[in-house]
Structure formats: C-alpha cells, structure tokens
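Chain residues, written in single-letter form:
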Amino acid sequence: MDLDPTDLTVVRELQSDGRLTYETLAQRVGLSRPATRTRVQRLLAGGGVRVVAVVHPAVRGLTASAHLSIGVRGPAEPVARAVAAMPQAPFVTLTAGRHAIMAELRTAGLAELDRAIESIRSLKGVDAVDPLISLQHLKDPYLPAGRPDMPEPDATDRLILDELERDGRLPFAELAERVGISPGAARARTLRLLDGGVAKVLALVRPELLGLGFLCGFAVRLDGERDEVARRIGEWDRVSFLSACMGRAELVGTISAESLGAVRDTLEDMRACAGARGVESWVHLELVKERYDLTAPSP
C-alpha cells in the first residue's frame, strides 16, 4: 500500500485520536466528508492501518512486563510464531543481532511473568532467554500517559472496552446496541473512559507506511543515575519507545527511523551520552505480532 501526502495526514491525525469524526478529520486534511470517509475505509481495508483502543495495562490487571531476547537452535520463525501464540505476548519480532527473536510479555504479576518466561524456555528450538524486567515505561506511543484517573471500570465499561479493542471507530449507536445501553449512555461512558486515561483509541500503523521502515532495538548500560540519561534519550524523535528496566541493562527501547544511516546516527548519539557505559543494538527484520488488546490470563 502506497500512501500519498493526504493519506499520511489522515493517518497521523488518527494516530493522535482514532475516534475523530469524519467531519473533523475532513476539516483538518482539507477534503470533503465523503472523500475523507473513503480514504479512511481504504486505509483500514488495506491491512496496514488498524484503529483500536489500547487499554491501560493496570485496568486489565497486567502489572508486570519484560522484554525478552530469545536465542534459538535451528530456524527462528517457528519459535517466533509459538511465542506470538501466547496470550501474554503483545509484541514479537524476528531480529538480526545476538539473538534471533525479541518479544515483550505483559502479565498479571511477577509470578505469572516467571511462568510465561519458563514456558518460552521450554519451547522446542529455544536455546536461551535473556529477560529485561520493566520497571517503568518512560515513552510509549500506545499507552495512555500515567495511571487512570477514575474509579475502577464496572462491567458495562469493560464491555465497551472489549468492543473498542476490536474496532476503535465503532459508532456510538452500534456500540450501544452491542453493549445493551442507550447511545447517549454509550457516548458518555466512552468519553469518560478515554478522558480518564483508561484507554486510548489510536491508529496502529506499519512503520514502513510512514517512511519509518527501519526499526532498531537497543539496550543501554549506565554509569550512575538513570533519570538524566533517560530524559535525554526519551526526547529524541526517533526513539519511539523507552523503558527503565533491570537485568543486563538499565534502559531498553526502540528507534524508528527513515534509513539505516539515521539508525546509525541515533546509536552514535546514544553512545556519546554522558552516563551511557555501553549500547547493545539489534535490527527488527519482521514484525510477527503487535497486538495490545490483552486481557489478564485466568488464574
């Protein structure tokens, strides 16, 4: 799918607010409402863009997370597919570097995280699993900022979230019918959930469609305090994700760049940061899974 400049403007607006009305979106991109609707439907049908609600992990009881470097014996793709089939894994890629697979896990507590890591170690073809345990997500293009600022969602709220995870642009009338409440109540509840930071509706876009087809993961070992180095690195536009962690490194993240040269330059800047003792990097070759509509596994 090739995106023209207007398509890119539409996508970037939906990345900020996936529930923008066609009227508002049309005004922002300079098209008629029917033309805007047609473009959005074409983008969604093409498979490179999905508009979904990303629910804050704390609401789902997912309080622990880790980034795993996975070494394999033999072909890596079957192992990556097996990891991607796990409900605890929202993100899995095939990579070039010391390890053949990188994965993210999100679970209901550290005990469940330990069991999920053990399950991966036991998969056929897995040679090694090196986890970085997340302490705090410092920069994330998907998660709502901070913790939710509202009471615990009730059963109806959770039904609304379930539906929006499948289709973030679901009209209020249809949402109301599926949940069993009035359209006005569906609208009021949805806006309350979004404004309270429980969920964020946004477009998930394949990076290459935005001219950012070069993805590089990195882990940074530090001398001394983490906060200042993390603040500087997190301010860089090409750093799309950053997390404080414990393990073989103190920071782990992702560079989304327009070229390998831009990746190289960003890594060089990282190595030059005062307080950075060493930088490990790997290139993401193929996105096997990216899905953040996870629910906590049953006990």
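Thresholds, definitions, all that
Residues numbered from 1 in each chain as written. Predicted model: local features only at pLDDT ≥ 70, side-chain atom pairs only at ≥ 80, totals over all residues. Heavy atoms only, no water. Salt bridge = Lys/Arg side-chain N within 4 Å of Asp/Glu carboxyl O. Helix = DSSP H or I, 4+ residues; strand = E, 2+ residues; numbered from the N terminus. Buried < 20%, exposed > 50% of the residue type's maximum accessible area, 1.4 Å probe, protein only. Arc of directions from axis to C-beta. Contact = heavy atoms within 4.5 Å. Axes fitted to C-alpha atoms, helices over the stretch in contact; angles between N-to-C directions. Parallel < 35°, antiparallel > 145°, perpendicular 65-115°, else oblique. Nonpolar A, V, L, I, M, F, W, Y, C, P; charged D, E, K, R; others polar. Pairing = 2+ DSSP bridges.

A.B. asks: Explain the pattern of salt bridges to me, and be specific about the residues and the numbers.
C.D. replies: Inspection of the entire model under this criterion finds 31 salt bridges. For glutamate 13, the salt bridge identified is with arginine 28, shortest N-O distance 2.9 Å. One end of the pair, glutamate 13, is in helix α1 (residues 5-16); the other, arginine 28, is in helix α2 (residues 22-29), with 15 residues separating them in the sequence. Take arginine 28: its relative accessible area is 48%, and that puts it in the partly exposed class. Salt bridges linked by common partners bring Asp4, Asp7, Arg39 and Arg42 together as one network.

A.B. asks: How would you explain helix α7 (residues 172-179) if you had to name every residue and give the values?
C.D. replies: All buried positions along α7 are accounted for by Leu175, Ala176 and Val179. Buried residues in α7, looked at end-on, bunch into an arc of 100°, giving them a common side. Check the buried side of α7 and you find it contacts α6 (155-166) and α8 (183-195). Among the residues trailing α7, glycine 180 stands out with phi positive, at a value near 90°.

A.B. asks: An account of the packing of α2 against helix α3 (residues 33-45) is needed here, citing residue identities and associated values.
C.D. replies: Running from amino to carboxyl end, α2 crosses α3 at an angle of 100°, the nearest separation of the two axes being 9 Å. Taken together, the axis directions place α2 and α3 in an arrangement best described as roughly perpendicular. Listed contacts from α3 to Tyr22, Glu23, Leu25, Ala26 and Val29 of α2 are Arg33, Thr36, Arg37, Val40 and Gln41. Of the residues belonging to the contact of α2 with α3, the class tally is 5 nonpolar, 2 polar and 3 charged.

A.B. asks: Give a detailed account of the pairing of strand β3 (residues 91-96), specifying residues and quantitative values.
C.D. replies: Remark: a regular strand shows side chains that alternate across the two faces of the sheet. Counting buried residues along β3, 5 of its 6 residues qualify, which places the element largely inside the surrounding structure. Two elements, β3 and strand β4 (residues 101-107), share 4 bridges in a ladder whose sense is antiparallel. Bridging across to β4, valine 92 finds its partner in alanine 103. Hairpin connection from β3 to β4: 4 residues lie between these consecutive antiparallel strands.

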